[in-house]
Amino acid sequence: MRSAVSGVRGALTLLSVAFTAYLAVGALVWTVAPAHPFLQIGAVALYLVTTWLCILWRPSARTHDDAGADGVSPMVQGLLNVRSRLPVWVATLAVAAAVIVPNASWLAARPEARLTDYATWGLGAVGALMAIVIVRRRPWAAWTGVALAAVSAAFWIGGPSALALGVVGAVLWVGAAQLIGVLLARAARDTSQLTRLQRDASEWLAAQEGMRRERRVLVQRALAVAGPVLAHTIEVGGRLDDTERNLARIAEATLRDELRGAALLDDDVRSALARARAGGATASVLDEDGLDGLSAAERAAVRAELATIVGRARSERLYIRTSRHPQIAVTVVGRSTAPDGEETVDLWHEIARGGVAGTEGADRGETASSGPGD
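Given the structure is predicted, the values throughout are model-derived calculations rather than measurements. (Residues numbered from 1 in each chain as written. Predicted model: local features only at pLDDT ≥ 70, side-chain atom pairs only at ≥ 80, totals over all residues. Heavy atoms only, no water.)

Asker: Sorry, what's going on with the pattern of salt bridges here?
Answerer: Pairing is possible between side chains that carry opposite charge, provided their charged atoms lie close to one another. According to the stated counting rule, one finds 11 salt bridges in the structure shown. Here Asp257 and Arg277 are joined by a salt bridge, their closest N and O atoms 2.5 Å apart. Here the residue Asp257 occupies a position in helix α8 (residues 242-260), and Arg277 occupies one in helix α9 (residues 267-278), the gap between them amounting to 20 residues. Residue Arg277 is classed as buried on the basis of its relative accessible area of 2%. Salt-bridge contacts for Glu343 lead to Arg335; the nearest nitrogen and oxygen are separated by 3.6 Å. We note that Glu343, like Arg335, is buried. Here the salt bridges share partners, and the residues they tie into one network are Glu209, Arg212, Arg213 and Arg216. (Salt bridge = Lys/Arg side-chain N within 4 Å of Asp/Glu carboxyl O. Helix = DSSP H or I, 4+ residues; strand = E, 2+ residues; numbered from the N terminus. Buried < 20%, exposed > 50% of the residue type's maximum accessible area, 1.4 Å probe, protein only.)

Asker: Just to check I follow, could you spell out the pairing of strand β4 (residues 343-352) for this structure?
Answerer: In summary, the side chains of a regular strand alternate between the two faces of the sheet. Buried residues dominate β4, accounting for eight of its 10 residues. Summarising the sheet, strand β3 (residues 328-337) and β4 pair through nine bridges and their orientation is antiparallel. What sits directly across from Val333, in β4, is Trp348. Linkage of β3 to β4, two consecutive antiparallel strands, is achieved through a turn of five residues, within which Gly341 is found at a positive phi near 90°. (Pairing = 2+ DSSP bridges.)

Here it is in structure tokens:
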């Protein structure tokens, strides 16, 4: 696309240069020599230098304004360069040319030849120059140049002749250029908004597809965990012995882990939880989006530490929960029943964010009602 835009922009630039050169040639073709031919040639040279400078000038670097701050698409910017504003000194030079060029041509022409083509060519030339200036985002300079050229024409050849020989055309050129620029910018903003909407829709569809894949994985894992137990339960008509009931309890707890705490699980954590449950412990895993914002490496470190803690735990009941605390990622609390029948907290471990070692402690005098796992 970029090469195509460059090609079209180059063609438009070449066309603009050729058209302004054609207007300049008309000023050098005369049947009656002007009184001051070198003045005429100087006016033509000033016009060409100023016009080609306005056409060919490009910013040295892309600024914020040039980068489409108003939502103008890069495609439109590339075709007509509507977002690269002329510097003030170039716009001032164009306004000065709009005054000097037509006045110099009428001054160079003989009094009886001031209505000829080579004497009035400046009106059309100024109209073309100011159309370029308005495209390059200097509307006040463009309209000022047209107004000054019209005043000069009225002074030299009178108002009716000025209107008939180029002032109306110059006004139409500049007005049409401004209207096209406004419509083009509006269309480009609409296109940019549509592009953003399409991008948002694509991101939403991608997110939905990711959620569907995640649900499929969860369903497959749930079937792998609970499927054999359910099939056996149906096969025996619900008459399970103690071992089978324990296996069903472990399968149910594992399935609940997958549904409520999938972000905390990997193969090592699952194995550690399975060993703890096989040893008679109960475990509750709950993810409350506490790992959001962590990188993949940080999540892997949290899971590795969690697997180690669960593997070392000897508590009867384990409560594993993510945390929204800015320093703490996961809290692991273990509870057991003391010989006196009181439930105490015998494990407290906080897994910090960013790979910092967690803190661990035990308070065997703390009752169950005061623990954070309630």
